[in-house]
Amino acid sequence: MGPLSKIEHVADDGDLAHVPAGADALGPTARVADSGNELWEWLRLLNRRKALIVGTGLVAVAIMALIIAQQTPLYKASSRIMLDTRTFKVVSTEAALSGVDTLNYGAIQSELEVIQSEFLIGRVVDRLGLASNPDFNGTKPPGFLEATLAPIRELWRSGVSSLLAPPPPPRAAQAPAARQNRTTDDSDPARRAAIATVASHLTVSLLGRTFVIVITVESPDGTMSARIANAIAEVYLADQVDNKNEANRRATEWLEERLAELRRNLQVAEEAVATYRRDKGLAGSPEGVVSTQTLSDLNSKYLAAKTRRIEKEARLVALSKASLNPNELAGITEVTSNATLNALRTQELELNRKIAELSTQLGPNHPKLIQARNELAAVHARFLQQTQNITTAIRAELDAAKAEEEELKAQVERASVLSGATSQYEAELKQLEREAQSNRALYESFLNRFKELREQQDIQRADARILSYAWPSTTPSSPQYKTGLFAAFIVGCLLGMAGAIAAEKLDRVFRSASQVEKATGVAVLGMIPLVKSTIGQRANIVTQVVDRTTSSAAEAMRAVFTAISLSNLDRPARIIAVTSSTPGEGKTTFSAALGGLLTKMNASRRVLLVDLDLRQAKLAVALGLKDRGGTIDEYLMGTKTLDECIHRHEPSGVDYICARADTPNAPEVLESHAMKAALATFADRYDLVILDSPPVMAVSDARIVSQLADYTIFVLHWAKTPRDVVKSAVSALLSVTDRVGIVINKVNLAKHAMYEYGDYGDYYSRYRGYYGAAYGGAGGAGAGTGGAAAPTGAPSAEVGGIAKLTRIVPKMK
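Residues numbered from 1 in each chain as written. Predicted model: local features only at pLDDT ≥ 70, side-chain atom pairs only at ≥ 80, totals over all residues. Heavy atoms only, no water.

### Observations regarding a nonpolar patch on the surface
Taken together, the side chains of L39, W40 and L43 present a nonpolar region at the surface, about 330 Å² in accessible area. If you trace the backbone, L43 turns up in helix 1 (residues 28–48). Judged by its relative accessible area of 41%, L43 is partly exposed. (Patch = residues over 30% accessible without salt bridge, like charges linked within 9 Å, V, L, I, M, F, W, Y side chains within 5 Å. Areas by Shrake-Rupley, 256 points an atom, 1.4 Å probe, with all protein chains shown as cover. Salt bridge = Lys/Arg side-chain N within 4 Å of Asp/Glu carboxyl O. Helix = DSSP H or I, 4+ residues; strand = E, 2+ residues; numbered from the N terminus. Buried < 20%, exposed > 50% of the residue type's maximum accessible area, 1.4 Å probe, protein only.)

Here it is, written out as structure tokens:
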């Protein structure tokens, strides 16, 4: 690519900022700047599309004004009801018969639904006779707007709304059963229409976090609105009292039926208790308690008898063992406690001592010794006899204890059988008595409840009271003119903004140099302002540029040439081709104006304009010529000499060679050796040769001419030429030459200023007074001219070129 095909970034201090490959070019400061730039981009978008946005808002205001004018004024009236948070009860009643639970949010919401119920509204309609009122029964003729929108509404109801409608929400809290069972008269269409009308214009809500219910009604008549709001409040209070009376009546009837049933159950239970007592012999006698006590005493006696029997058995066994060993008798209680045995034991001790003494003094057969022995044997016999008597007595006591034990055991067994039967009878009797007692308690409870209800029938009151009545309003609440028109304007402006954003997103043309450079990769030489002229008078445009050499358009063209001249100081461009992507972008006018301007500014500079658009040949029209003279094809074919073909444009002094439209075999002519020789001749005789080339996308001639030129200027129409067409055309040129620069032509400075891109066009629009030309930034009809680099405010071409030099110097060879 050529030196102008690369884009360099210019730093804030005017130096070139070179960013290494792979480096992060966006630091924190740059990101903040990008965020601010993005905000400015949005603001600029709104600014340049403000006509669309404001226009859409005004259209919306006009439509809303029409709608409001067709609407019937509605007047609003509100009454207020306060729920009673105090518990008012003369006697205790159950929750089913109590008032509204004002501490339950769900109960309060249920009351709001009751106020808006069809039944309650129906009572209001009947009370005020709204079924015969044309404003409510649907017999009033519709207005013009309503009649116009009726088919659309019907279509919406029939099809679209059913498709878009969300699933039905869960049912709200149900009203009390007494209210649910009430039905309305649906046989009268007028009454149904009146109920629907009142319901659609009724609003019921809580006042903040209080227990105050606000009932608001809208209607075409302010007095009727107040009457309906007050009637709804009064009917609601009356409905509460009626509901309580109805619930009381139902409860009383149910209690009467229940009391009769409980009375019969109580009688049956008491008769069952009496019959059971009589049949089981339990009536009037506490035998059950005596039998239990007797069984306990018998058990105690039986255990005592058994203990005595065991004790006597043990004494008898011990005595029997001791009788076999007289020495052990001393440990027997009966023996030690017997006085006779103790005396005998004393005698035995005396006799043994005596026998021992006599044995030592006398012989064994001495009569005294024998007598002592006989006395001792007699003592032993008496001791044994006495022991046997004790044993016999103990055995008799043991027999008696066994007999007592057996008797007591038999009594205990008989008492146990009797006590078990009595306990079963007693348990069954207690169960019957409990049932009878439960029936009696339930009967007495229902009887007390019945008495309470009978006493409360005459003292029912509503659980709410009217806090304030509604008063007629003289100011309509709907439609709200200011709010409606303002809202319409806001909505319209929002729609306009959406349209503006859509238009910007769908914009497929170039409006700034940065957009072109980013899309094509080729440097933009400049932007040429749109010059006013009579429609179709291209010569007028060229004349204006040539005559007013200090205008912004003239400065832009000089800056273009300066940029091209400085692009390569070693080999300056002598032959410059001017082309575009499609016809009508102003390339021919730009070529003629550039050549004339350069000649006019420097009389010693020899400039030649050559029309190589062999198919359209518009150079003569751009210069305002009536006679083309000799044409380039005639010179190439040798039918005319060069002097016969070259003519001079008197207003500017530039030389030119025209072409003949629809020249046969145009590509062959342009590729011929004669053409190359002719261009060499032109370059020898002139300082600068400007070739007016055909459009790139139309024919292949432009690529041939670009190969013959030292430099190619590509002209595109500002805000008109599609981006894809420009990119395709530039790519085609770059395939044959690398020295290409782009000029944005026909820039409408007034519209371009709305974008505030900060490029050349923005400079021209801001400082147009500097050039002293009234037309420099004006938009108008007619062909535009080619483009130039952004000047820095200098009146000369050289200074304008220096502004571009900061972008070109790094690429200079």
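Once you've had a look at it, read on.
### Some remarks on the sheet that holds strand 1 (residues 75–83)
Taken in spatial order, the 4 strands line up as 2-3-1-4 in an open sheet, and their pairing is antiparallel. A single partner strand is all that each edge strand has here, and the edge strands are strand 2 (202–206) and strand 4 (464–468). Taken pair by pair, the neighbouring strands of this sheet meet at an average axis angle of 25 degrees, ignoring direction. Bridge analysis of strand 1 against strand 3 (residues 212–219) gives 8 bridges, and the strand direction is antiparallel. Within strand 3, the position partnered with M82 by the bridge is V212. Against the sheet, helix 3 (residues 105–115) touches strand 1, strand 2 and strand 3, its axis set at about 165 degrees to strand 2. (Pairing = 2+ DSSP bridges. Axes fitted to C-alpha atoms, helices over the stretch in contact; angles between N-to-C directions. Contact = heavy atoms within 4.5 Å.)

### Structural notes on the packing of helix 2 (residues 50–70) against helix 14 (residues 481–505)
The contact between helix 2 and helix 14 brings their axes to 7 Å, and the two run at 145 degrees. Relative to helix 14, the crossing made by helix 2 is right-handed. Facing L52, I53, V54, T56, G57, L58, A60, V61, M64, A65 and I68 of helix 2, the residues of helix 14 in contact are Y481, G484, L485, A488, F489, G492, C493, L495, G496, M497, G499 and A500. When grouped by side-chain class, the residues that make up the contact of helix 2 with helix 14 number 17 nonpolar, 6 polar and no charged. (Left-handed = near helix turned anticlockwise from the far one by under 90°. Nonpolar A, V, L, I, M, F, W, Y, C, P; charged D, E, K, R; others polar.)

### Details of unusual backbone geometry
Note that the residue after S478, namely P479, is joined by a cis bond; omega there is 0 degrees. Examined against the element boundaries, P479 turns out to sit in the loop between strand 4 and helix 14. The backbone of D662 shows a phi angle near 55 degrees, a positive value even though the residue is not glycine. By the secondary structure assignment, D662 is in the loop between strand 9 (654–657) and helix 22 (666–671).

### Re the confidence of the model for the chain
Counting all residues, the mean pLDDT for the chain is 78, and 75% of those residues have values of 70 or more. In this model residues 87–97 is a low-confidence stretch, pLDDT under 50, and it forms 14 contacts with partners more than four residues away in sequence or in other chains. Confidence drops under pLDDT 50 across residues 773–813; counting only partners more than four residues distant or on other chains, this segment forms 139 contacts. (pLDDT = per-residue confidence, 0-100.)

### Focus on the pattern of salt bridges
The tally for this structure, following the rule as stated, stands at 27 salt bridges. Between E504 and R49 there is a salt bridge, with the nearest N and O atoms lying 3.0 Å from each other. Of this pair, E504 sits in helix 14 while R49 sits in the loop between helix 1 and helix 2, and the two are 455 residues apart along the sequence. Each member of the pair, E504 as well as R49, carries the same accessibility label: buried.

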